[in-house]
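A structural walkthrough
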Amino acid sequence: MIIGPIQEHEREVLLGLAVSTGLFTAEDAEGLLGGVLDSLAAGELPEGHTVVACRESRDGPAIGWSYYAPDPYAETVWNVWWIGVSPSYHGDGVGQAILSNIERDAAALGARVIVIETSDQAPLARARNFYLKRGYEERGRIPDFYAEGDSKVIFSRSLAGAA
């Protein structure tokens with residue numbers, strides 16, 4: 001698998017991938033992720049904010065993508081804002097390749113901790129289990145954060161010795 005920069009022409013493909021996960025409506029994907037892609041295309045993402053795609057081959061279509069960045073309020077902490085993998089590639093190591101890339105990249109830039117936040121809703125159980133299997137620990141929950149009955153779950157992992 002090859003992980004590298006997204007291409008400007010991939011905006012709709014990447015948003016479609018987000019919708020295909022079943023976790024976003026088209027409107028949600030546009031509102032939550034479209035702005036990131038637009039800011040990237042305009043060269044307006046803050047320093048250190050990174051958007052990458054995973055492909056089976058250098059010229060192949062994106063089968064997964066991620067957005068991650070240093071936390072502006074914590075010393076050498078990075079946030080993973082999005083990891084999305086096409087459902088037809090679930091279980092094939094795409095998410096693992098993306099997360100490993102994030103960890104290597106962040107560690108090389110001096111990160112000491114990676115933080116990932118997600119929902120406690122049933123459709124995200126697979127993601128929560130994935131993070132646990134990758135060595136992340138649940139650090140807390142904020143009840144009714146996203147909506148009534150939809151709690152935020154916070155995971156983190158130390159990168160000590162990961163560089």
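Up top is the structure.
This report concerns the structure included in the present document. In every chain, residue numbers begin from 1 and rise along the written sequence. Local features are withheld for residues below a pLDDT of 70 in this predicted model, meaning they are given only at 70 or higher, and side-chain atom pairs are given and counted only at 80 or more; totals for whole chains, interfaces and linings count all residues. Calculated side-chain values reflect all of the structure's heavy atoms, with hydrogen atoms and water omitted.

Here we take up the layout of surface pockets. There is about 1,300 Å³ of room inside the largest pocket. Looking at the largest pocket, it is lined by 41 residues, and the ones nearest its centre are Leu23, Trp82, Ile83, Thr118 and Leu124. The numbering of helices and of strands both runs from the N terminus, where a helix is a DSSP run of H or I of at least 4 residues and a strand a run of E of at least 2. Taken together, the elements giving at least two residues each to the lining of the largest pocket come down to helix 2 (26-41), strand 4 (77-85), helix 3 (94-108), strand 5 (113-119) and helix 4 (125-133). The element contributing the most residues to the lining of the largest pocket is strand 4, with seven residues. When residues are sorted by character, Ala, Val, Leu, Ile, Met, Phe, Trp, Tyr, Cys and Pro go into the nonpolar class, Asp, Glu, Lys and Arg into the charged class, and all the rest, Gly among them, into the polar class. Its residues assigned to classes, the lining of the largest pocket comprises 21 nonpolar, 13 polar and seven charged. In this analysis, the protein atoms alone were mapped onto a 1 Å grid. Cavities are point sets where a 1.4 Å probe fits without being able to get out; pockets are open sets with protein on both sides within 12 Å along at least five of seven lines; lining residues have an atom within 4 Å of a point. Grid points are joined across faces, edges and corners, and a volume is the space filled by probe spheres set on the points.

For Ala127, the position within the fold is in helix 4. Working definition: with a 1.4 Å probe on protein chains only, accessible area under 20% of the residue-type maximum means buried, over 50% means exposed, and in between means partly exposed. The class of Ala127 is partly exposed, set by a relative accessible area of 21%. In the structure, Ala127 is positioned 43 residues away from Gly84 in sequence and 9.8 Å away in space, judged by C-alpha atoms.

Side chains on a regular strand alternate between the two faces of the sheet. Within strand 4, eight of the nine residues are buried, leaving the element largely enclosed by the surrounding structure. Pairs of strands are assigned from DSSP output, requiring at least two bridges between the strands. Summarising the sheet, strand 3 (residues 62-70) and strand 4 pair through seven bridges and their orientation is antiparallel. Across the sheet, residue Trp65 finds its bridge partner in strand 4, namely Gly84. Where strand 3 folds back on strand 4, the antiparallel hairpin that results is connected by six residues, among which Thr76 adopts a positive phi of roughly 55 degrees. Crossover handedness is defined here as right-handed if the route from the first strand over the helix to the second strand goes clockwise, with the strands pointing away from the viewer. The parallel pair strand 4 and strand 5, bridged by helix 3, forms a crossover whose chirality is right-handed.

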